Amino acid sequence: MKPLNKTTFICIDCESTGLDTKKDSIIEIAITKFTFEETLDSFESLVDPGCSIPQESIQIHNITNDMVKGKPHISQVLPNILSMAKDNIIIGHNIQFDIDLVCHAATLNKIPCKLHTNPSIDTLRLARLYGESPTNSLAVLREHFNIPDEGAHRAMSDVIVNMQVFQKLTTKFKSAQQILEKLKKPIQLRTMPLGKHKGREFREIPADYLSWASRQNFDQDLLYSIKSELKKRKNRGGFEQSSNPFSNL
């Protein structure tokens, strides 16, 4: 088993016109091939999406329509990205979003793409497992680990920060295989990460809201945490009822 510091990883980050991986387009993409000891290769490019970038997206990444005008089409950029990625382990924050964006763009442009078959490590889930940061956003993790600010919320700056966060989150692991095995199991969250009860412990959230949330298309960790809390309450309720001699009066 190859030591963690000798393993080759790929870090990918995309900026896009929106958050729908089936409808929105990549407007910037960055990729770095690295080990814990050195950067092996790196590439970044703005991408002309062939459509207007919504203002709400511009406010997030500060990439304007003028900036992408005349830049390469995604079909010109993807072959280099996929060649660099090959079958290496992909890391990123909420990495499935980026993988889905790239794979969908490849499908639309009839470019062979097997990126979805690569092993992947989501640093968002690693941060949940670590459990010592106030929140698990990349920006807060950067501050938590005293990693230098790389500037604007752009693809390559996020890649650089993400690589360093990844190394901080994996100090207790000896190999990539150990990480992949650990992340096969759902992670118990301490607090609700989104919605109107964001930041509250699950035990404080009303049962009807948890019941509704358990039927939503959330990620495996959040659904596991919600259902675990509901199960606790059901078991506790059943125990309290059976141990109460007046429960049927």
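Please refer to the structure higher up on the page.
Attention here is on the structure that accompanies the text. Remember, predicted model here, so these are calculated numbers, not experimental data.

**Digging into the overall build of the protein**
Here is step 1 of the chain: Along the backbone of the protein there are 10 helices and 5 strands.
Here is step 2 of the chain: Along the longest, intermediate and shortest principal axes, the C-alpha atoms of the protein span 75 × 45 × 35 Å.
Here is step 3 of the chain: The buried share of the protein, reckoned over its 249 residues, is 44%.
Here is step 4 of the chain: If you take every contact in the protein between residues at least 6 apart in sequence, the share linking residues at least 24 apart comes to 63%.

**Regarding the packing of aromatic side chains**
Here is step 1 of the chain: All chains considered together, the criterion is met by 6 aromatic pairs.
Here is step 2 of the chain: Measuring from centroid to centroid gives 5.8 Å for phenylalanine 9 and phenylalanine 34, while their planes differ by 35 degrees, and the two rings are tilted. Here the residue phenylalanine 9 occupies a position in strand β1 (residues 9–16), and phenylalanine 34 occupies one in strand β2 (residues 26–34), the gap between them amounting to 25 residues. We note that phenylalanine 9, like phenylalanine 34, is buried.
Here is step 3 of the chain: One aromatic cluster in this structure is built from Phe9, Phe34, Phe36 and Phe166.

**Here's the deal with the side chain of asparagine 162**
Here is step 1 of the chain: If you trace the backbone, asparagine 162 turns up in helix α7 (residues 155–169).
Here is step 2 of the chain: Look past the residues within four positions of asparagine 162 in its chain and what remains in contact with it is Cys11, Ile91, Gly92, His93, Thr123 and Leu138.

**Let's talk about the environment of asparagine 146**
Here is step 1 of the chain: Mapping asparagine 146 onto the fold places it in the loop between α6 (138–144) and α7.
Here is step 2 of the chain: Here asparagine 146 falls in the exposed class, since its relative accessible area comes to 69%.
Here is step 3 of the chain: Asparagine 146 sits 82 residues away from threonine 64 along the chain, and the two C-alpha atoms are 30 Å apart.

**Focus: the state of the cysteines**
Here is step 1 of the chain: Scanning the model with the defined rule gives 0 disulfides in all.
Here is step 2 of the chain: With no disulfide of its own, cysteine 11 lies closest to cysteine 14 among cysteine sulfurs, the gap being 10 Å.
Here is step 3 of the chain: Free cysteine: cysteine 113, not disulfide-bonded; nearest cysteine sulfur from cysteine 103 at 3.7 Å.

Thresholds applied
- Residues numbered from 1 in each chain as written.
- Predicted model: local features only at pLDDT ≥ 70, side-chain atom pairs only at ≥ 80, totals over all residues.
- Heavy atoms only, no water.
- Helix = DSSP H or I, 4+ residues; strand = E, 2+ residues; numbered from the N terminus.
- Buried < 20%, exposed > 50% of the residue type's maximum accessible area, 1.4 Å probe, protein only.
- Contact = heavy atoms within 4.5 Å.
- Phe/Tyr/Trp six-rings, centres within 6.5 Å; stacked < 30°, edge-to-face > 60°.
- Disulfide = S-S within 2.5 Å.

The values reported here are purely geometric and, on their own, carry no functional implication.
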